[in-house]
Amino acid sequence: MPEGHILHRLARLHERRFGRAPVAVSSPQGRFESGAALVDGRSLTRAQAWGKHLFHHYAGGPIVHVHLGIYGHFTEFGLAEGGLPEPVGQVRMRMVGAEYGTDLRGPAACEVVDEAQVADVIARLGPDPLRGDADPALAFKRIVKSRRVIAALLMDQSVLAGVGNVYRSEVLFRHRIDPYRPGATLSEQEFAAIWADLVELMKVGLRRGNIVVVRPEDDHGAPAYAPGKPRTYVYRRAGDPCRVCGTTVRTAELEGRNVFWCPSCQSG
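Residues numbered from 1 in each chain as written. Predicted model: local features only at pLDDT ≥ 70, side-chain atom pairs only at ≥ 80, totals over all residues. Heavy atoms only, no water.

*Asks:* I'd like a description of the packing of helix 6 (residues 165-174) against helix 7 (residues 188-208), backed by residues and values.
*Replies:* With their axes 10 Å apart at the nearest point, helix 6 and helix 7 run at an angle of 130 degrees to one another. Between helix 6 and helix 7, the angle is such that the two are oblique. The two elements helix 6 and helix 7 cross, and the hand of that crossing is right-handed. Packed against helix 6, whose contacting residues are Y167, V171 and R174, the element helix 7 presents I194, D197, L198, L201, M202 and G205 at the interface. Residue composition of the contact of helix 6 with helix 7, grouped by class: 6 nonpolar, 1 polar and 2 charged. (Axes fitted to C-alpha atoms, helices over the stretch in contact; angles between N-to-C directions. Helix = DSSP H or I, 4+ residues; strand = E, 2+ residues; numbered from the N terminus. Parallel < 35°, antiparallel > 145°, perpendicular 65-115°, else oblique. Left-handed = near helix turned anticlockwise from the far one by under 90°. Contact = heavy atoms within 4.5 Å. Nonpolar A, V, L, I, M, F, W, Y, C, P; charged D, E, K, R; others polar.)

And the structure:
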């Protein structure tokens, strides 16, 4: 599932490609046909991301809400490269501007909503480290009142919005925190350090389009867990030696998702 920085990159990209001009919106697949008809030909006034949710605001009020889920993705194409291409696969939504187009496939949600419904979505989310208006104190209040473990809480979008499995596993390693430590035992200083680190790491991801979490002094040449994937400390490195201490990295299932950690570095 894409992490929050991807949605923020998409919001910025879509504003550059389609903002402040009429956009042709269609649904080649047909599943978003009625929704596409409501925004087709309108100007895209702005795009914004909250956590893993993307909102396209159109002139006159309608808003397209997209949640990529596990399989959703946008594919961009340039119109100067040969005109409008035929849709390939199950394209839920196609957006076409003056110079660029983009196809959305496989989202968990693609729907037209109003401002009240947007507010309802946002009200269910915790603070987003990539938003300047985020209040980390709200997340800490939920964490210290919970009996759940910190690794589960960091993935709970009602606690923190936009943090996925990579950032969850990596930030806990970077701060030497056992993923099974109860959230209620976390100090305010520890959470402040985690929050500040997430803000910086996710800003790097937003700027570069790639997740960068390994400090230069710890990057001793061990490859990424797969070609084209980020170099990580523990995420998807179960069975490999820890980049810092050499202990075998472990993994286990936690609330339906795999968590990764070093039992030596994160034993405190």
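*Asks:* Can you break down the domain arrangement of the chain residue by residue, with the values?
*Replies:* Under the domain assignment, the chain is made up of domain 1 (4-124) and domain 2 (136-261). The distance between the C-alpha centroids of domain 1 and domain 2 comes to 30 Å. In this complex, domain 1 contributes 8 residues to the contact, which on the side of domain 2 involves 14 residues. Carbon and sulfur atoms make up 60% of the area that domain 1 and domain 2 hide from each other, which totals about 820 Å². When the buried surface of domain 1 facing domain 2 is broken down by residue, H5, R9 and K52 rank first, second and third, together holding 60% of it. Summed over the shared surface of domain 1 and domain 2, the result is 0 salt bridges. (Domains from an automatic or database assignment. Buried area = accessible area lost by both parts, 1.4 Å probe. Salt bridge = Lys/Arg side-chain N within 4 Å of Asp/Glu carboxyl O.)

*Asks:* So what about the side chain of H14? Which residues, and what values?
*Replies:* Mapped onto the fold, H14 is located in helix 1 (residues 4-18). On the basis of relative accessibility, which here comes to 1%, the residue H14 falls in the buried class. Excluding its chain neighbours within four sequence positions, the residues that come into contact with H14 are G19, L44, L54, H56, F74 and T102. (Buried < 20%, exposed > 50% of the residue type's maximum accessible area, 1.4 Å probe, protein only.)

*Asks:* Describe the UniProt feature "domain: FPG-type" (unreviewed entry) in the chain, and please don't skip the residues or the numbers.
*Replies:* The sites that UniProt annotates as "domain: FPG-type" (unreviewed entry) are residues 233-267. The span residues 233-267 is 0% helix and 29% strand, and its two end C-alpha atoms sit 15 Å from each other. (UniProt positions renumbered as here; feature names shortened; annotations may be inferred.)

*Asks:* Go over the sheet that holds strand 6 (residues 91-96) with me, naming the residues and quoting the values.
*Replies:* An order of 1-6-7-5 is seen for the 4 strands of this open sheet, with the pairing classed as antiparallel. Looking at which strands have only one partner, the edges of the open sheet turn out to be strand 1 (24-26) and strand 5 (73-78). Across the sheet, the mean angle separating the axes of adjacent strands is 15 degrees when strand polarity is ignored. Two strands pair when backbone bridges link them, and strand 6 and strand 7 (residues 100-105) are joined in this way by 5 bridges, in the antiparallel orientation. Opposite R94, over in strand 7, you have D103 as the bridge partner. (Pairing = 2+ DSSP bridges.)

*Asks:* Run through a nonpolar patch on the surface, naming residues and quoting values.
*Replies:* There is a patch of nonpolar side chains on the surface, built from M1, I70 and Y71 and spanning about 380 Å² of accessible area. For Y71, the location among the structural elements is in the loop between strand 4 (63-67) and strand 5. Assessed through its relative accessible area of 68%, Y71 is described here as exposed. (Patch = residues over 30% accessible without salt bridge, like charges linked within 9 Å, V, L, I, M, F, W, Y side chains within 5 Å. Areas by Shrake-Rupley, 256 points an atom, 1.4 Å probe, with all protein chains shown as cover.)

*Asks:* An account of the nonpolar core is needed here, citing residue identities and associated values.
*Replies:* In terms of nonpolar packing, the biggest core is built from 42 residues, with L160 and Y167 touching the most fellow members. Of all the elements in the fold, those that place two or more residues in this core are helix 4 (136-144), helix 5 (150-155), helix 6, helix 7 and strand 10 (257-261). A total of 8 residues in this core trace back to one element, the largest contributor, which is helix 7. In contact with L160, other than residues within four places in its own chain, are G126, P127, A139, L154, W195 and L198. F32, V39, A49 and C110 belong to the second-largest nonpolar core, a separate cluster that totals 22 residues. (Core = buried A, V, L, I, M, F, W, Y, C linked by side-chain atoms within 4.5 Å.)

*Asks:* Before we move on, can you summarise unusual backbone geometry with the specific residues and values?
*Replies:* The phi dihedral of R236 is positive, around 60 degrees, even though this residue is not glycine. Mapped onto the elements, R236 comes out in the loop between helix 7 and strand 9 (250-254). The backbone of E255 shows a phi angle near 50 degrees, a positive value even though the residue is not glycine. In this fold, E255 is placed in the loop between strand 9 and strand 10. On the accessibility criterion, E255 (55% relative accessible area) is exposed.

*Asks:* Just give me the short version of the packing of helix 4 against helix 7, but keep the residues and values in it.
*Replies:* Helix-helix packing is characterised by the crossing angle of the two axes and by the distance between the axes. Packing of helix 4 against helix 7 leaves a shortest axis separation of 11 Å and a crossing angle of 130 degrees. Classified by the interaxial angle, the pair formed by helix 4 and helix 7 is oblique. Here the hand of the crossing between helix 4 and helix 7 comes out right-handed. Residues P136, A139, F140 and I143 of helix 4 form the contact with helix 7, whose own contacting residues are E188, F191 and W195.

*Asks:* Tell me what's going on with the sheet that holds strand 8 (residues 109-113), and back it up with residues and numbers.
*Replies:* Strands sit in the order 2-3-4-8 across an open sheet of 4 strands; the sheet is antiparallel. The outermost strands of the open sheet, each flanked by one partner alone, are strand 2 (44-50) and strand 8. Averaged over all neighbouring strand pairs, the angle between strand axes comes to 15 degrees, with direction disregarded. Relative to strand 8, strand 4 runs antiparallel, the two being bridged by 5 bridges. Bridged to H65 within strand 8 is E111. Each of strand 2 and strand 3 (53-58) is contacted by helix 1, which is oriented at about 175 degrees to strand 2, the strand it contacts most. Each of strand 2, strand 3, strand 4 and strand 8 touches helix 3 (residues 115-123); the most contacted strand, strand 3, lies at about 160 degrees to it.

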